[in-house]
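Here are the chains, one letter per residue:
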Amino acid sequence: MLPANAFRTGFRMAPAYVLVDAGKLDAFVAAIFRAAGCDAAEAGRISTHLLGANLAGHDSHGVARVPRYVEWLQAGYVLKGQTAEVVTDGGCFALLDGKFGFGQTVAPQAVELGIARAQQHGIAVVGLRNAGHIGRVGDYAETAIRAGLISVHFVNVAGSVLVAPFGGTERRFSTAPFSVGVPLPGRPLVLDFATSLVAEGKVLVASNGGKALPPDALIEPDGRLSGDPHTLYGDYAQVGPRNPANGKGAIRAFGEHKGSGLAFMCEMLAGALTGGGTSGPVAARTRIANGMLSFYVSPRHFGTEAEFHAAGRSYVDWVAACAPADAGAPVLAPGDKEAATRADRLANGVPLQPDTWAGILDTARSLGVNEPPG
Ligand code: NAD
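Conventions we followed
Residues numbered from 1 in each chain as written. Predicted model: local features only at pLDDT ≥ 70, side-chain atom pairs only at ≥ 80, totals over all residues. Heavy atoms only, no water. Pairing = 2+ DSSP bridges. Helix = DSSP H or I, 4+ residues; strand = E, 2+ residues; numbered from the N terminus. Patch = residues over 30% accessible without salt bridge, like charges linked within 9 Å, V, L, I, M, F, W, Y side chains within 5 Å. Areas by Shrake-Rupley, 256 points an atom, 1.4 Å probe, with all protein chains shown as cover. Salt bridge = Lys/Arg side-chain N within 4 Å of Asp/Glu carboxyl O. Buried < 20%, exposed > 50% of the residue type's maximum accessible area, 1.4 Å probe, protein only. Phe/Tyr/Trp six-rings, centres within 6.5 Å; stacked < 30°, edge-to-face > 60°. Domains from an automatic or database assignment. Contact = heavy atoms within 4.5 Å. Buried area = accessible area lost by both parts, 1.4 Å probe. Polar contact = N/O pair within 3.5 Å; in protein donor to acceptor, adjacent residues only side chain to side chain. Nonpolar A, V, L, I, M, F, W, Y, C, P; charged D, E, K, R; others polar. Axes fitted to C-alpha atoms, helices over the stretch in contact; angles between N-to-C directions.

Novice: Hey, could you run me through the sheet that holds strand β9 (residues 218-219) in this one?
Specialist: Adjacent strands of a sheet pair through backbone hydrogen bonds, lying either parallel or antiparallel. Strand order in the open sheet made by the 4 strands is β6-β11-β9-β10, with mixed pairing throughout. Among the strands making up the open sheet, the edge pair consists of β6 (163-164) and β10 (225-226). Inspection of the sheet shows β9 paired to β10 by 2 bridges, in the antiparallel sense. Bridge assignment links Leu 218 to a residue of β10, and that residue is Ser 226.

What follows is the structure, encoded as structure tokens:
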């Protein structure tokens, strides 16, 4: 649902939100990446992926990233037009090197390979290393769902150390997201979250005056819990860059020892096993990159697809029919919230914080791209 204070204005600035039509936003962001030097296909992939995160309600991984992505491209930190290189090919398993290409280009290549191999063998494991920021991981689980496959994705951010392990106050993990996609008729499941209590993007959003953090999301070096973005970013101006290197605290891992353990495994599987590297120690790295280890399973090959669909779907509906603890908040299945937000935003527009929209317009102007008509 749109926030009550959203203000429908086309492309004009609004007090709390700018509401932008999804199709226009997609075309505008694609034009920005075209102007930045990407070919049309890559520019479209990046814009559609970022917009997809907004449509799913994960604004921290949406078009707010445009200025940073363009800066990274201009700095040579992420490279346009890359094709992931096959490092190892064992048929039902493979390892790809993304060569620091855009995550929205090399991750889909890895996913496409995993899907093709799982459709051939019934199961596939594909590692990807040295990928530029791959964005919202649930997007890749959704691609596998469209192909009728279950998928599990362990992801880390090599060289990015932001999260304190359970019982610790120092940064050791990346925000290491984890995702599982399950194809079910009419109500697919998409579990997709950072293993940090909040994604770093949510700290960024809070520091820009957006949704406040939970009061225990961060931890100070002395062990005090905090919901203040300064714990992560140190001192910063109201408008301008945020640098986690300036803060002394850390984001906490979610779920106490259990979430912390899952983050640990993301670093092991997506970082150490793929050869892309873990979150740290970071001394030798020049750039951060995503690693991902993905498992694909074909229910059709298991010979139980019909039973799986029937039993899975009836189970989801039974769980969701559980009496809610709060009468106004029904029990949801993983992916329900994103599906509802997507339907709403496709129909009514994508709400963006004014600072986010202003940042995108600045980047567009710097590349000679005109703001689209409202
Ligand atoms: P989140 O805390 O919003 O959790 C989202 C998950 O919880 C979804 O599966 C959603 O369906 C489910 N969910 C939400 N409300 C629910 C409810 N009431 N009942 C049942 N299930 C519910 O997600 P997050 O940790 O903020 O992560 C946001 C995004 O950031 C993800 O898409 C993730 O992939 C992405 N991310 C990417 C990177 C990267 O390096 N590329 C790093 C960190 C996070």
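Novice: Looking at this structure, how should I read a nonpolar patch on the surface?
Specialist: A cluster of nonpolar side chains, contributed by Phe 264, Met 265 and Met 268, occupies part of the molecular surface with about 290 Å² of accessible area. Its place among the elements puts Met 268 in helix α8 (residues 256-273).

Novice: Teacher, can you tell me more about the pattern of salt bridges here?
Specialist: Oppositely charged side chains may form a pair once their charged atoms are brought near each other. Applying the stated rule across the entire model yields 15 salt bridges. Between Arg 345 and Asp 59 there is a salt bridge, and its shortest N-O distance comes to 2.8 Å. Of this pair, Arg 345 sits in helix α11 (residues 336-348) while Asp 59 sits in the loop between α2 (40-55) and α3 (66-74), placing them 286 residues apart in sequence. The class for Asp 59 is partly exposed, based on a relative accessible area of 26%. Measuring nitrogen to oxygen at the nearest pair gives 3.8 Å for the salt bridge that ties Asp 216 to Arg 252. Of this pair, Asp 216 sits in the loop between α6 (200-207) and β9 while Arg 252 sits in strand β11 (residues 250-252), and the two are 36 residues apart along the sequence.

Novice: I'm lost on the packing of aromatic side chains in this one. Help?
Specialist: A ring pair, where both rings are aromatic, is described by two values, the distance of the centres and the angle of the planes. One pass over the full model with this rule turns up 13 aromatic pairs. With centroids separated by 6.2 Å and ring planes inclined at 75°, the aromatic side chains of Phe 154 and Phe 295 adopt a geometry described as edge-to-face. In this pair, Phe 154 sits in strand β5 (residues 150-158) while Phe 295 sits in strand β12 (residues 289-297), placing the two residues 141 residues apart along the sequence. The class for Phe 154 is buried, based on a relative accessible area of 13%. A centroid spacing of 6.1 Å and a plane angle of 45° characterise the contact between Phe 178 and Phe 193, whose relative ring orientation is tilted. Pair noted here: Phe 178 is in strand β7 (residues 177-182) and Phe 193 is in strand β8 (residues 189-194), with a separation of 15 residues, a long-range link. Judged by its relative accessible area of 25%, Phe 193 is partly exposed. Ring pairing ties together the aromatic residues Phe 33, Tyr 69, Trp 72, Tyr 77 and Phe 102, which thus form one cluster.

Novice: Looking at this model, I keep getting lost on the domain arrangement of the protein. Mind explaining?
Specialist: Size of an interface: often given as the accessible area lost when the parts come together. Looking at the protein, the domain boundaries give domain 1 (6-75 + 349-366), domain 2 (82-163 + 172-195 + 258-335) and domain 3 (197-252). Computed over C-alpha atoms only, the centres of domain 1 and domain 2 are separated by 25 Å. Contacts between the two partners involve 15 residues from domain 1, matched on the other side by 9 residues from domain 2. When the two sides are added together, the surface that domain 1 and domain 2 hide from each other amounts to roughly 1,100 Å², 62% of it contributed by carbon and sulfur. Taken together, the links from domain 1 to domain 2 amount to 0 salt bridges. The interface formed by domain 1 and domain 2 includes 8 residue pairs in polar contact (both at pLDDT 80 or more). Residue assignment for the side of domain 1 that touches domain 2 shows that the elements contributing at least two residues are α2 and α3. The leading source of residues in the side of domain 1 that touches domain 2 is α2, at 6 residues. Counted by class, the side of domain 1 that touches domain 2 contains 9 nonpolar, 3 polar and 3 charged residues.

Novice: Would you mind going over the sheet that holds β12 with me for this structure?
Specialist: With respect to topology, 7 strands assemble into an open sheet ordered β2-β3-β4-β12-β5-β7-β8, the strand pairing being mixed. Across the chains shown, the open sheet's two edge strands, defined by having one partner strand only, are β2 (85-89) and β8. Within the sheet, the average angular offset between the axes of one strand and its neighbour, ignoring direction, is 10°.

Novice: Would you mind going over α6 with me for this structure?
Specialist: One turn of an α-helix holds 3.6 residues; hence residues three or four places apart share an orientation. Three or more residues of α6 are buried, namely Glu 200, Gly 201, Val 203, Ala 206 and Ser 207. For α6, the secondary structure elements touched by its buried residues are α3, β9, α7 (230-233) and β11. Note on α6: the residue one or two positions beyond its end, Gly 209, has a positive phi of about 90°.

Novice: Looking at this structure, I do not really get the pairing of strand β3 (residues 93-97). What am I missing?
Specialist: Regular strands place side chains that alternate from one sheet face to the opposite one. The buried count for β3 comes to 4 of 5 residues, which makes it a mostly enclosed element. Sheet analysis places β2 next to β3, joined by 4 bridges and oriented antiparallel. What sits directly across from Glu 85, in β3, is Asp 97. Between the end of β2 and the start of β3, which pair antiparallel, lie 3 residues, with Gly 91 showing a positive phi angle near 85°. As judged from the 5 bridges shared by β3 and strand β4 (residues 123-131), these two strands associate in the parallel manner. Each residue of the ladder has a partner; that of Ala 94, found in β4, is Val 126.

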